Each structure stands twice: as structure tokens, then as C-alpha cells.
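# Results of the structural survey
Next come the chains, spelled out residue by residue.
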Amino acid sequence: MAAKKGETLWVIPDGYIPPQSSGELESHESICVLNTNHMDAQLIVNVYFEDREPLEGITVLVPAKRTLHQRTALLRSGSESIPKGVPYAMEVMSDIPVYVQYSRLDATQPANALMSVMAYPVRDNQ
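What comes next concerns the included structure. Please read all numbers here as calculations on a predicted model, not as lab measurements.

## A few points about the overall build of the chain
The secondary structure content of the chain amounts to 0 helices and 10 strands. Ordered by position from the N terminus, the helices and strands of the chain form the series β-β-β-β-β-β-β-β-β-β. Residues counted as buried form 37% of the 126 residues belonging to the chain. The long-range share in the chain, meaning contacts at least 24 apart out of those at least 6 apart in sequence, stands at 71%. Within the structure as shown, the chain displays about 7600 Å² of accessible surface, and the carbon and sulfur contribution to it stands at 52%.

## Looking at the pattern of salt bridges
A full pass over the atoms with the stated rule returns 2 salt bridges. Here Glu7 ties to Arg123 by a salt bridge, and the two come within 3.9 Å at their closest N and O atoms. Of the two residues, Glu7 sits in strand β1 (residues 7–15) while Arg123 sits in the segment after β10 (120–121), which places them 116 residues apart along the sequence.

## Comments concerning the nonpolar core
Counting 25 residues, the largest nonpolar core has Ile12, Val45, Val47, Ile82, Met90, Val92 and Val100 as its most contacted members. Those elements that provide at least two residues to this core are β1, β2 (28–35), β3 (41–49), β4 (55–62) and β8 (88–106). Not counting residues up to four positions away in its chain, the partners in contact with Val100 are Trp10, Ile12, Cys32, Val33, Val92, Met118 and Ala119.

## Remarks on the environment of Leu55
Tracing the backbone through its elements, the reader meets Leu55 in strand β4. Its relative accessible area of 3% is what places Leu55 among the buried residues. For the pair Leu55 and Arg76, spaced 21 residues apart in the sequence, the C-alpha separation amounts to 8.0 Å.

## Some remarks on the packing of aromatic side chains
Scanning the entire structure with this criterion turns up 0 aromatic pairs. The ring of Phe49 carries the charged tip of Arg52 above its face, separated from the ring centre by 5.4 Å.

## A few points about the side chain of Glu29
Its place among the elements puts Glu29 in strand β2. Only 2.3 Å separates the side chain of Glu29 from the side chain of Tyr88, close enough to count as a polar contact. In terms of polar contacts, Glu29 uses its side chain to reach the side chain of Tyr102, at 2.6 Å. In this view, Glu29 contacts Gly15, Tyr16, Ile17, Gln70, Arg71, Thr72, Tyr88, Tyr102, Ser103 and Arg104; residues no more than four positions away in its chain are not counted.

Scoring rules and cut-offs
Residues numbered from 1 in each chain as written. Predicted model: local features only at pLDDT ≥ 70, side-chain atom pairs only at ≥ 80, totals over all residues. Heavy atoms only, no water. Helix = DSSP H or I, 4+ residues; strand = E, 2+ residues; numbered from the N terminus. Buried < 20%, exposed > 50% of the residue type's maximum accessible area, 1.4 Å probe, protein only. Contact = heavy atoms within 4.5 Å. Areas by Shrake-Rupley, 256 points an atom, 1.4 Å probe, with all protein chains shown as cover. Salt bridge = Lys/Arg side-chain N within 4 Å of Asp/Glu carboxyl O. Core = buried A, V, L, I, M, F, W, Y, C linked by side-chain atoms within 4.5 Å. Phe/Tyr/Trp six-rings, centres within 6.5 Å; stacked < 30°, edge-to-face > 60°. Lys NZ or Arg CZ within 6 Å of the ring centre and 35° of its normal. Polar contact = N/O pair within 3.5 Å; in protein donor to acceptor, adjacent residues only side chain to side chain.

This is how it looks when you write it as C-alpha cells:
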């Protein structure tokens, strides 16, 4: 019996793109998605803020048997994107089970910091 791989709903409560960078590297954040399935994964990303309406229904395609590192600053809902210097959170939904990791490169000072954690999987109770 094959084990289920991944989940279809992931939550990332802490997002923040620094407004400035120092040195050669640019501060950024990414959702890193691993699709081990034999079919493409269609993601829907919803972005939530403290003081404004969410950016909803952002679609991202992760090809079968591939990984995708999607910078959050490049996500678009119509003409809107995630502004720098504003806290946000994300909900990542997939039509098939995938794995989601969240990474942040903080280059606001000469000594860069890299943080990477697994997103929180919301498990299906069925």
C-alpha cells in the first residue's frame, strides 16, 4: 500500500519582504513546492494582510515530478502584488498533495540571514 505523499492545504502565517537590501543580494521570500506526483499540481495562493483586503485566487502551476521556487514578490492578483515592508500571511491550496516550504533571505545588512521552514500542513481528517 502506497503512503499518501504531501497535503493539499498549507498555511504560512509569517511573511514580510524587507523594503531595502544591502550588498549584492536582494531580500526576498519564496514558497518552495515539491510535486512528486505523475501529474501537474495547480495551486491557488491567497495572501492575507493586517489592514487591507486579501489578494486571492493567485494561480501557480507546479509540473509533475518537479520542484518550483516561487518568489512571493512576483505573485500577482490582477495588477496587485505583495508590497514590500508589509506583514502578510499565505494560504496555499493544491488540487493534488504536494509539499510546501517557505524561505526568506534577509539582506538588509551585510551579514545576510537565510530562514527556511516547512509550511504548516492542514491535514485532511477523512
